[in-house]
Amino acid sequence: MARSPVLPRFAQDLGAAPEMLGLIVAASTITGVVIKLPAGALSDVLGRKRMMLLGCLFFAGPPFLYPLVHSPGALLALRFLHGFATAIFSPVASAYVADLSQQGRGEKLGWFAAAGDLGSTVGPLLSGLLLFYTASYATIYLAVGVLGLLPLCMVLRLPSEAQPRTMGSTLGARSNQFWSGIQEVLSSPTVVIASSLEAAMYVGYGAFLGFFPPYARGIGLNDAQIGLVLGVQLATTMLAKPLSGRLSDRLGRKPMILAGLCLCAVTLPVVPTLTALWPLALVSALLGLGVAIVTPSTTALVADLVAAGRMGSAMGVFGTIWDIGEASGPILAGVLIASLSYAPAFALIAVLMAVVALIFAVCVRDPQTVSEQI
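A. Main features of the overall build of the protein. A tally of regular secondary structure across the protein gives 15 helices and 0 strands. A globule of 374 residues ought to have a C-alpha radius of gyration of about 21 Å, and the protein, at 21 Å, matches this closely. Seen through its principal axes, the protein has C-alpha atoms that stretch 60 × 50 × 30 Å. When the accessible surface of the protein is split by element, carbon and sulfur atoms take 70% of a total near 16,700 Å². Across the protein, the mean location of the 20 positive side-chain charges is 5 Å away from that of the 16 negative side-chain charges.

Here it is, written out as structure tokens:
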């Protein structure tokens, strides 16, 4: 609700130039790139619940400051601050879910991801309706603040971790544990490759989300038709994630990840070759299915590859690399489309995804398969 579609309108009304507007929209993602890794690693030291509570404070507090903003620079600074909410909460909550059990981990993470997609779908709709009926940015952000109090209440009721973390009694001991967790995870090539695969997928996904609307307008689709195509993709992704996570528990992470990424790589270049509504809707749904297959399986794979005491660090690395891919997708697509046009640009991004899939297939072994062989 805080970001789409209200934020760009708010920034424009404050007089933000296009360059500043783009930076304002990307600010929270940039915060995630910087903060997710240390936040996840800190949760290994301090506990998941404490860090989730900290993230919830950033959900609850900053929205009440938006009505006080009267310049683009102040809005940019507040967006960086507000970005701490998801930057802290997301990797730690993923680690919390992954900690619940090894059996059925993919399905649990699939439901977790689907819940996030539901919020991402409903939030812009609610904020758009509020903006239409109230024409007041202050009202919308006050509503965001009130809703931001709900996660704080929910996390307070969560049970603490079943296994208390072994922490040193001194600041130096805790600092050593923090840095050793980060070093151990970053030194795992399989974790880095698996995280990079997710990032590569989101390069393509970000390119589609960022540049399908202008492409669609160029071929004559109206706003309702564009919304329908994007809505089909979002609905498919949301509904398929729990099922794909469950299948990854049964069939293994690696086959599901490769199938999903290959589906994304095949469907993305097809988009700029189509001009009719329903074929575009079908391809959009297939792209959403590919994303739904990859994401819970990749998250579960990263969780499978690390020790329980390093889960937060692993999810921090995963989230950081993911955010880099999501942020760079529209940027890369913009450069390629400006110089080549839509079809070659989407094709080159698909090739990138295929290359990363090949590296993943060669370099990463499915831990489930390995354990079965042992």
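Still more to cover.
B. Summary view of helix α9 (residues 189-218). Spanning 30 residues, α9 covers 43 Å between terminal C-alpha atoms, matching the ideal 44 Å at 1.5 Å per step. Of all the bends in α9, the largest measures some 45 degrees and sits at F211, one to four residues before the proline P213. Within α9, 21 of the 30 residues are buried, which leaves it mostly tucked inside the rest of the structure. Downstream of α9 by one or two residues, G220 has phi in the positive range, about 100 degrees.

C. Region of interest: the packing of aromatic side chains. Applying the stated criterion across every chain, the model contains 12 aromatic pairs. Through pairs of rings, three or more aromatic residues link up here, namely F10, Y66, Y137 and Y141.

D. The arrangement of the packing of helix α6 (residues 105-134) against helix α12 (residues 277-305) in detail. Following both chains from N to C, one finds α6 and α12 inclined at 130 degrees, their axes separated by 8 Å at the closest point. When the axes of α6 and α12 are compared, the pair comes out oblique. As for the relative orientation of α6 and α12, their crossing is right-handed in sense. The segment α6 lies against α12, with R105, G106, L109 and G110 engaging P296, T299, A300, A303 and D304.

E. Focus on the nonpolar core. Among the nonpolar cores identified, the biggest contains 61 residues, and F212 and F360 are the most heavily contacted of them. Broken down by element, this core gets its largest block of residues, 16 residues, from α9. Among residues more than four places away in sequence, those in contact with F212 are A207, L221, I226, V229, L230, V271 and L280. Core analysis: the next-biggest nonpolar cluster, separate from the first, contains 21 residues, I24, A27, Y66 and I140 among them.

F. Geometry of the pattern of salt bridges. The full count for this structure, using the stated rule, is 7 salt bridges. R48 serves as the salt-bridge partner of D99, at 2.8 Å between the closest nitrogen and oxygen. With D99 in helix α5 (residues 84-99) and R48 in helix α3 (residues 48-60), the pair connects residues that are 51 residues apart, well separated along the chain. Assessed through its relative accessible area of 29%, D99 is described here as partly exposed. Accessibility expressed as a relative area gives 0% for R48, which makes it buried. The salt bridge partner of K241 is D117, with a shortest N-O separation of 2.8 Å. With a gap of 124 residues between them, K241 in helix α10 (residues 223-251) and D117 in helix α6 connect regions that are remote in the sequence. Taking relative accessible area as the criterion, K241 reaches 3% and is therefore assigned buried. Looking at D117, the relative accessible area reads 17%, which means it is buried. Linked by salt bridges that have partners in common, R105, D249, R253 and D304 make up one network.

G. Main features of the confidence of the model for the protein. Mean pLDDT over the protein: 86, with 92% of residues reaching 70 or higher. In this model residues 370-374 is a low-confidence stretch, pLDDT under 50, and it forms 2 contacts with partners more than four residues away in sequence or in other chains.

H. Just the packing of helix α2 (residues 18-46) against α5, in detail. At a minimum axis distance of 8 Å, the contact between α2 and α5 shows a crossing angle of 45 degrees. The angle between α2 and α5 places the two elements in the oblique class. In the crossing of α2 with α5, the sense of the turn from one axis to the other is right-handed. Contact residues: α2 offers T31, G32, I35, K36, A39, G40 and S43, while α5 offers F84, T86, A87, I88, S90, P91 and V92. Looking at the contact of α2 with α5 residue by residue, the classes come out as 7 nonpolar, 6 polar and 1 charged.

I. Molecular detail of helix α14 (residues 342-363). Taking 1.5 Å of rise per residue, 22 residues should cover 32 Å, and α14 covers 32 Å from first to last C-alpha, within 8% of that figure. Among the residues of α14, those classed as buried are A345, F346, I349, A350, M353, V356, A357 and F360. Across the axial projection of α14, the buried residues extend over an arc of 135 degrees, all falling on one side. α14 presents L358 and V362 as exposed residues on the side facing more than 90 degrees away from its buried surface. Where α14 is buried, its residues touch α9, α11 (253-267), α12 and α13 (311-340).

Each value, and the rule that gives it
Residues numbered from 1 in each chain as written. Predicted model: local features only at pLDDT ≥ 70, side-chain atom pairs only at ≥ 80, totals over all residues. Heavy atoms only, no water. Helix = DSSP H or I, 4+ residues; strand = E, 2+ residues; numbered from the N terminus. Rg over C-alpha atoms; globule rule 2.2 N^0.38 Å. Areas by Shrake-Rupley, 256 points an atom, 1.4 Å probe, with all protein chains shown as cover. Lys, Arg positive; Asp, Glu negative; His and termini not counted. Charge placed at Lys NZ, Arg CZ, Asp CG, Glu CD. Expected span 1.5 Å × (residues − 1). Bend = angle between axes of the 7 residues up to and from the residue. Buried < 20%, exposed > 50% of the residue type's maximum accessible area, 1.4 Å probe, protein only. Phe/Tyr/Trp six-rings, centres within 6.5 Å; stacked < 30°, edge-to-face > 60°. Axes fitted to C-alpha atoms, helices over the stretch in contact; angles between N-to-C directions. Parallel < 35°, antiparallel > 145°, perpendicular 65-115°, else oblique. Left-handed = near helix turned anticlockwise from the far one by under 90°. Contact = heavy atoms within 4.5 Å. Core = buried A, V, L, I, M, F, W, Y, C linked by side-chain atoms within 4.5 Å. Salt bridge = Lys/Arg side-chain N within 4 Å of Asp/Glu carboxyl O. pLDDT = per-residue confidence, 0-100. Nonpolar A, V, L, I, M, F, W, Y, C, P; charged D, E, K, R; others polar. Arc of directions from axis to C-beta.

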